[in-house]
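# Understanding the architecture of this molecule
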Amino acid sequence: MRNPPERYLQTLQEHFAQVPTWFSGDATIPIAERSTLRTAPLTTNQDGKGTAFQRWFHFKEAFSPAFVTAAIESLGYRPKHIADPFGGSGTSAITSQLLAIDATTVEVNPFLADVIKSKVNHLSAEALRCHAAEFQARLARTHNDLACLNHLPPTFIETKDKQRWIFPLQVAKRLSQYLTCIDAIGEPDIQRFFKVVLGAVLIDCSNVYVNGKGRRYRSSWKSNQPTSKMLDEMFGTRFNIAFEDILHFEDRPRSRIDVIHGDARTALKQVTQPVDLVVFSPPYPNSFDYTDIYNVELWVLGYLGCSQDNLRLRRDTLRSHVQIRRPYEMPHHPSAHLETTFAALHQQRDQLWDTNIPAMVGAYFCDIEMVLTQCHRLLVNRGKVIMVVGDSRYANVRIEVATIIAEIAKSIGFGAVATREVRQMRASAQQGGRFQLAESIVELAH
Ligand SMILES: C[S@@+](CC[C@H](N)C(=O)[O-])C[C@H]1O[C@@H](n2cnc3c(N)ncnc32)[C@H](O)[C@@H]1O
């Protein structure tokens with residue numbers, strides 16, 4: 001693997017301040033000096049607005065590229081292959097690519113899988129420029145046709161008989177023109193890029209906002225609704241931001257980045273190349289369903305065509321919520337801490353807002369166990385699994401996620417297991433609001 005040219009390295013450092021020392025050509029760090037993640041790592045991406053690629057789409061739950069580079073550096077050698085089973089907005093994948101390392105990432109949400117694919121695809125800036133000009137010309141001569149939005153749930157588009165709607169009629173009409181023009185793009189990679197850009201502005205062009213509690217109407221939304229002009233302006237701005245990164249990083253390394261759209265619990269089984277580092281942050285067992293959070297993008301962009309599609313996607317996501325009924329089982333590997341927690345939850349059953357919460361918590365660790373079993377199979381001898389996890393609390397029972405995962409990991413066969421708290425998160429109102437919950441790093445090795 002060659003080091004990239006100076007100009008490229010400089011650009012990389014501008015955006016990803018923390019680059020492993022070996023990257024600039026230093027000798028490999030001696031084994032004795034190998035670090036674990038020393039300083040509190042950037043497990044959140046709060047200042048990602050100015051970071052290349054991260055700024056394409058606001059993904060609140062992303063970790064920062066600096067966290068990925070710190071995890072890589074903690075290996076003490078240049079890895080050949082990195083995996084992230086919960087890809088999200090693609091932080092691990094794009095960071096690996098920029099550092100010329102092969103990567104495999106899995107993401108269950110088809111819109112997010114497309115966000116990752118668009119980021120790691122080697123699109124030509126010139127081709128994008130030509131398509132953008134064609135797109136604008138086509139948009140100007142395309143009539144609106146709401147039929148292409150017929151599949152949307154009833155609350156999406158304004159009609160006279162509704163009390164609430166996500167998109168005013170004029171925005172919905174304009175969206176139908178955008179969707180028709182995107183459909184007309186012949187090249188799949190370019191088409192995906194345009195779709196991702198449109199996805200990135202949908203919430204800002206709607207009457208709602210989305211946070212950890214789900215979708216909410218903006219205050220005074222009725223008197224302050226978005227317009228089709230706003231959609232045009234936001235699409236243009238967002239397109240230019242993403243285009244700038246494509247142009248700036250056009251000569252980035254061509255390492256192999258596999259983006260698997262699927263369920264990590266099963267999809268990891270198809271990976272055969274040994275992995276040096278598995279770095280990820282799974283959903284936390286806090287009843288937050290990612291399918292709800294990205295529902296507007298999924299429906300409008302056509303990833304969901306009917307309620308069955310929505311149900312299927314919920315079933316494929318980790319059992320970290322109780323939005324749908326599904327089989328719940330406990331992990332096969334023992335964890336004394338999980339048993340105590342499970343018993344405590346059962347005792348508090350009457351206080352829980354959903355009686356399936358104890359079973360869901362058990363099943364959550366069963367899902368994590370499936371993923372860790374595959375990580376154990378794939379991990380090279382000197383490699384590491386580094387995961388960011390968060391605690392939850394139900395009816396005063398704290399789910400100490402890192403401790404439970406550490407116990408399960410030991411019985412799966414990981415010889416070196418360490419956990420470290422990195423930050424305190426505020427619990428949701430449903431979980432008691434005032435409580436602080438720990439976010440931790442779990443580090444595993446053979
Ligand atoms: C905390 S986010 C990961 C964020 C990511 N580290 C980043 O920097 O963007 C967790 C992701 O896991 C995905 N997910 C949930 N269940 C999954 C499953 N069964 N297989 C793969 N991905 C899943 C969610 O859609 C979500 O994007």
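First, a word on what this report is: a plain description of the structure on this page. Only a predicted model underlies this, so the values are computations on that prediction, with no experimental measurement involved. (Residues numbered from 1 in each chain as written. Predicted model: local features only at pLDDT ≥ 70, side-chain atom pairs only at ≥ 80, totals over all residues. Heavy atoms only, no water.)

Two side chains carrying opposite charge are able to pair once their charged atoms lie near each other. Under the counting rule described, the total for this entry stands at 20 salt bridges. Residues Arg 256 and Asp 258 are paired through a salt bridge, measuring 2.5 Å at the closest nitrogen-oxygen approach. Classification of Asp 258 as partly exposed rests on a relative accessible area of 34%. We note a salt bridge from Arg 265 to Asp 367, for which the minimum N-O separation is 3.1 Å. Of the two residues, Arg 265 sits in helix 9 (residues 264-267) while Asp 367 sits in helix 14 (residues 357-378), which places them 102 residues apart along the sequence. Asp 367 matches Arg 265 in its accessibility class, with the two residues each being buried. Overlapping salt bridges bring together Asp 263, Arg 265, Arg 319, Glu 329 and Asp 367 as one network. (Salt bridge = Lys/Arg side-chain N within 4 Å of Asp/Glu carboxyl O. Buried < 20%, exposed > 50% of the residue type's maximum accessible area, 1.4 Å probe, protein only. Helix = DSSP H or I, 4+ residues; strand = E, 2+ residues; numbered from the N terminus.)

Taken together, 23 residues sit near the ligand, with Ser 89, Thr 91, Glu 107, Ala 264 and Asp 316 positioned nearest. One of the side-chain nitrogen or oxygen atoms of Glu 107 is found 2.6 Å away from an oxygen atom of the ligand. A distance of 2.8 Å separates a nitrogen atom of the ligand from a polar backbone atom of Ala 264. With the chains in place, 99% of the 600 Å² that the ligand exposes on its own is no longer accessible. Taken together, the residues of the shell around the ligand break down into eleven nonpolar, eight polar and four charged. (Near = heavy atom within 4 Å. Polar contact = N/O pair within 3.5 Å; in protein donor to acceptor, adjacent residues only side chain to side chain. Areas by Shrake-Rupley, 256 points an atom, 1.4 Å probe, with all protein chains shown as cover. Nonpolar A, V, L, I, M, F, W, Y, C, P; charged D, E, K, R; others polar.)

Once that is clear, we can look at helix 7 (residues 188-201). A rise of 1.5 Å per residue sets the reference length of helix 7, with its 14 residues, at 20 Å; its end C-alpha atoms lie 20 Å apart and thus fit the reference within 8%. Counting buried residues along helix 7, ten of its 14 residues qualify, which places the element largely inside the surrounding structure. Elements that come into contact with the buried residues of helix 7 comprise helix 4 (110-120), helix 5 (125-141), helix 6 (169-183), helix 8 (228-248) and helix 11 (295-300). (Expected span 1.5 Å × (residues − 1). Contact = heavy atoms within 4.5 Å.)

Before going further, it helps to spend a moment on the packing of helix 6 against helix 8. The relative placement of two packed helices comes down to the angle between their axes together with the axis-to-axis distance. Relative to each other, helix 6 and helix 8 sit at 45 degrees, their axes nearing to 8 Å. Between helix 6 and helix 8, the angle is such that the two are oblique. Between helix 6 and helix 8, the contacting residues are Gln 170, Val 171, Arg 174, Leu 175 and Tyr 178 on the first element and Ser 228, Leu 231, Asp 232 and Phe 235 on the second. Classifying every residue of the contact of helix 6 with helix 8 by side-chain character gives five nonpolar, two polar and two charged. (Axes fitted to C-alpha atoms, helices over the stretch in contact; angles between N-to-C directions. Parallel < 35°, antiparallel > 145°, perpendicular 65-115°, else oblique.)

In this section: the layout of surface pockets. By volume, the second largest pocket amounts to about 260 Å³. Considering the residues around the second largest pocket, the lining is formed by 13 residues, among which Ala 132, Gln 136, Phe 235, Gly 236 and Phe 239 are closest to the centre. Those elements giving two or more residues to the lining of the second largest pocket turn out to be helix 5 and helix 8. It is helix 8 that contributes the most residues to the lining of the second largest pocket, six residues altogether. Tallied by class, the residues present in the lining of the second largest pocket amount to eight nonpolar, three polar and two charged. (1 Å grid on protein atoms, 1.4 Å probe; cavity = no way out; pocket = protein on both sides within 12 Å on 5 of 7 lines; lining within 4 Å. Points joined across faces, edges and corners; volume = space filled by probe spheres on them.)

Core analysis: the largest hydrophobic core is formed by 72 residues, its most contacted members being Phe 167, Phe 193, Phe 194 and Leu 198. Among all residues touching Phe 167, those that are not within four sequence positions of it are Phe 156, Ile 157, Glu 158, Ala 172, Leu 175, Leu 202, Cys 205, Ser 206, Val 296 and Val 300. (Core = buried A, V, L, I, M, F, W, Y, C linked by side-chain atoms within 4.5 Å.)

As a further point, take the pairing of strand 1 (residues 81-84). Of the two faces of strand 1, the one carrying His 81 and Ala 83 and the one carrying Ile 82 and Asp 84 are both buried. For strand 1 and strand 2 (residues 102-107), the ladder comprises four bridges, and the chain directions are parallel. Residue pairing across strands places His 81 opposite Asp 102, the latter belonging to strand 2. Traced from strand 1 through helix 3 (residues 91-98) to strand 2, the parallel crossover comes out right-handed. Note that strand 1 and strand 6 (residues 275-280) share two bridges and pair parallel. Bridge pairing links Ile 82 to Leu 277 in strand 6. (Pairing = 2+ DSSP bridges. Right-handed = clockwise from strand over helix to strand, strands pointing away.)

Turning next to the sheet that holds strand 6. What the seven strands build is an open sheet, ordered 5-2-1-6-7-11-10; its pairing is mixed. On the outer flanks of this sheet lie strand 5 (257-261) and strand 10 (416-426), each paired with one strand and no other. Looking at each pair of strands side by side, their axes are set apart by 15 degrees on average, direction ignored.

Moving on: unusual backbone geometry. With phi around 70 degrees, Phe 53 is a residue other than glycine that occupies positive phi space. Among the secondary structure elements, Phe 53 is positioned in the loop between helix 1 (6-15) and helix 2 (65-73). On the basis of relative accessibility, which here comes to 0%, the residue Phe 53 falls in the buried class. For Asn 396, which is not glycine, the phi torsion reads 70 degrees and is therefore positive. Summarising the element assignment, Asn 396 is placed in the loop between strand 8 (392-394) and strand 9 (397-399).

Our next topic: the environment of Arg 78. By secondary structure assignment, the location of Arg 78 is in the loop between helix 2 and strand 1. Judged by its relative accessible area of 23%, Arg 78 falls in the partly exposed class.

For the α-helix, the turn length of 3.6 residues means that residues three or four positions removed from each other point alike. Taken across its nine residues, helix 2 has nine buried, putting it largely inside the fold. Within helix 2, burial applies to Pro 65, Ala 66, Phe 67, Val 68, Thr 69, Ala 70, Ala 71, Ile 72 and Glu 73.

Note that every value here comes from positions in space, so none of it alone points to a role or purpose.
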